[in-house]
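The lines below spell out each chain.
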Amino acid sequence: MVWIKQTLYIIFFLIILQSCDKRQVKIHPAKENITESVYASGIVKSRDQYEVFSPVNGLIQKIFVREGDTVKKNDAIIEVKSETAKLNIENAKLTLENAEVRANMDKLNEAQTNIIFLKSKLKNDSSLLERQRNLWNNNIGTRNELEQRELAYKNDLASYKGAVYRYDELYRQLNFNAAQSKNNLKINQTLANDFIIKSRINGKVYSLAKEDGEMVTTQSPIAVIGGTGSFILELEVDEYDIEKIKPGQKVLITMDSYKNKIFEATVTRIIPFMNDRTRSFTIEGTFDTKPPVLYPNLTVEANILIQSKENVITIPLDYLIDDSLVRLTADKKRKVITGLKDYQKVEILSGLSVGDEIIKPEQ
């Protein structure tokens with residue numbers, strides 16, 4: 001009997017504990033300020049920052065700068081050696097030499113000789129035709145002989161005109177080929193000059209990814225150059241939130257490099273193109289309160305302030321059921337209309353007053 005009583009006491013004690021665990025947590029709505037914001041993450045970039053690419057595949061012949069150096073626009077950064085470029089220039093020179101008129105004088109002389117021969121033949125047949133006509137007028141000779149002379153003259157005239165046309169066309173084509181070859185040579189020489197890669201801006205060399213003698217391709221960046229005076233924020237915003245973002249909105253910034261500090265910024269630009277891979281949009285911002293030292297590619301986390309209200313009724317987010325209901329008692333719920341939300345609380349537009357008591361839903 002004793003062990004039965006002990007068992008009953010234990011069961012009773014456990015029931016008491018369980019009922020204590022299930023005590024309902026009740027609160028009253030509060031009147032306070034609330035701010036809605038959109039989360040974003042991103043990096044710091046120097047203004048006008050860009051990646052430097054080589055226009056050709058080749059070997060680095062010389063690097064003119066070091067990381068941290070300041071450069072001016074059109075300063076030489078890197079020289080790339082490309083054997084293909086040299087071969088292209090040599091081929092262009094050979095083509096030009098072969099295309100120039102003086103290299104094709106034999107063709108022109110041959111055409112000119114043919115013109116002289118046909119002109120002489122035309123003159124001779126013209127004399128014979130005139131003679132045959134005089135004979136015909138004096139009733140000497142036959143009609144057939146006159147027609148043969150006329151046909152020979154017409155054929156010679158057509159051949160002469162054709163030879164002159166072909167000479168002119170050959171001369172024009174040779175001049176065209178020579179001009180085109182000159183342009184091709186200039187293009188290849190210009191491309192060769194492009195192998196000395198120059199800075200597009202006045203700025204600083206923040207990164208060099210290659211060393212002398214290394215291979216470069218047109219696909220991989222070889223340096224990063226940016227402005228020296230100012231920095232911007234490049235933030236990624238989810239596609240579901242982008243319609244809320246507008247230029248001029250305030251941004252609160254936190255950075256791993258500055259623990260427990262908050263900096264302010266302003267949205268300046270929205271890039272109107274969605275990244276298919278991340279399903280996000282890029283927005284840019286400028287610092288209003290800037291950290292004392294900044295470097296490109298520092299990571300940041302941001303809260304973009306959408307709107308705020310003062311002295312409104314709010315409840316904790318975890319007291320809201322299905323975004324539109326609150327629990328008044330164990331078996332009674334009430335529909336509410338919500339407004340702004342942050343990460344902890346939600347505004348109640350209607351359905352509750354500060355005098356109401358609500359219960360936290362069971363998880």
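Keep in mind it's a predicted model, so treat the numbers as computed, not measured.

Now for the pairing of strand 18 (residues 337-341). The sheet contact formed by strand 18 and strand 19 (residues 345-350) spans 3 bridges and is antiparallel. Each residue of the ladder has a partner; that of Thr-338, found in strand 19, is Ile-348. Counted between consecutive antiparallel strands, the loop separating strand 18 from strand 19 contains 3 residues.

Our focus in this paragraph is the sheet that holds strand 5 (residues 70-71). The strand order across the open sheet built from 4 strands is 3-10-8-5, with neighbouring strands paired in antiparallel fashion. Each edge of the open sheet is held by one strand with a lone partner, namely strand 3 (50-52) and strand 5. Alignment of strand 5 against strand 8 (residues 203-208), held across 2 bridges, turns out to be antiparallel. Residue pairing in the sheet places Val-71 in a bridge with Gly-203 of strand 8.

This part covers the nonpolar core. Residues Ile-245, Ile-253 and Ile-304 are the most contacted members of the largest nonpolar core, which totals 25 residues. Mapped onto this core, the elements with two or more residues apiece are strand 2 (30-46), strand 11 (231-238), strand 12 (250-255), strand 13 (258-275), strand 14 (280-287) and strand 15 (299-316). Counting residues per element, this core draws most heavily on strand 13, at 5 residues. When neighbours within four sequence positions are excluded, Ile-253 is seen to be in contact with Leu-233, Lys-261, Ile-262, Phe-263, Ala-265, Val-300, Glu-301 and Ala-302. With 19 residues, the next largest nonpolar core counts Tyr-50, Val-52, Val-80 and Val-205 among its residues.

This part covers the packing of aromatic side chains. Per the counting criterion, the structure on display carries 1 aromatic pair. Between Tyr-258 and Phe-263, the ring centres sit 5.6 Å apart and the planes meet at 80°, which makes this aromatic pair edge-to-face. Just as Tyr-258 is buried, Phe-263 falls in that class too. Between Arg-200 and the ring centre of Tyr-50, over which it is positioned, the NZ or CZ distance is 3.8 Å.

What follows deals with the confidence of the model for the chain. The predicted model of the chain has a mean per-residue pLDDT of 81, with 83% of residues at 70 or higher. Every residue in residues 1-22 is under pLDDT 50, and counting partners more than four places away or in other chains gives 0 contacts.

Remark on secondary structure: sheet strands pair via backbone hydrogen bonds, oriented parallel or antiparallel. In space, the 4 strands of this open sheet follow the order 7-6-4-9, with antiparallel pairing throughout. Edge positions in the open sheet fall to strand 7 (196-198) and strand 9 (215-216), since each of these has one partner strand only. Where strand 6 (residues 76-81) meets strand 7, 3 bridges bridge the pair, whose relative direction is antiparallel. Bridge pairing in strand 7 links Glu-79 to Ile-196.

The subject of this paragraph is the pattern of salt bridges. A full pass over the atoms with the stated rule returns 12 salt bridges. The salt bridge involving Arg-269 is made with Glu-284; its shortest N-O contact spans 3.0 Å. Of this pair, Arg-269 sits in strand 13 while Glu-284 is found in strand 14, placing the two residues 15 residues apart along the sequence. Classification of Arg-269 by relative accessible area gives partly exposed; the value is 44%. Taking the relative accessible area as the measure of exposure, Glu-284 reaches 16% and is therefore buried. Here Asp-356 and Arg-334 are joined by a salt bridge, their closest N and O atoms 3.2 Å apart. Residue Asp-356 is found in the loop between strand 19 and strand 20 (358-359), and its partner Arg-334 is found in strand 17 (residues 332-335); the two are separated by 22 residues along the sequence.

The rules we used
Residues numbered from 1 in each chain as written. Predicted model: local features only at pLDDT ≥ 70, side-chain atom pairs only at ≥ 80, totals over all residues. Heavy atoms only, no water. Pairing = 2+ DSSP bridges. Helix = DSSP H or I, 4+ residues; strand = E, 2+ residues; numbered from the N terminus. Core = buried A, V, L, I, M, F, W, Y, C linked by side-chain atoms within 4.5 Å. Buried < 20%, exposed > 50% of the residue type's maximum accessible area, 1.4 Å probe, protein only. Contact = heavy atoms within 4.5 Å. Phe/Tyr/Trp six-rings, centres within 6.5 Å; stacked < 30°, edge-to-face > 60°. Lys NZ or Arg CZ within 6 Å of the ring centre and 35° of its normal. pLDDT = per-residue confidence, 0-100. Salt bridge = Lys/Arg side-chain N within 4 Å of Asp/Glu carboxyl O.

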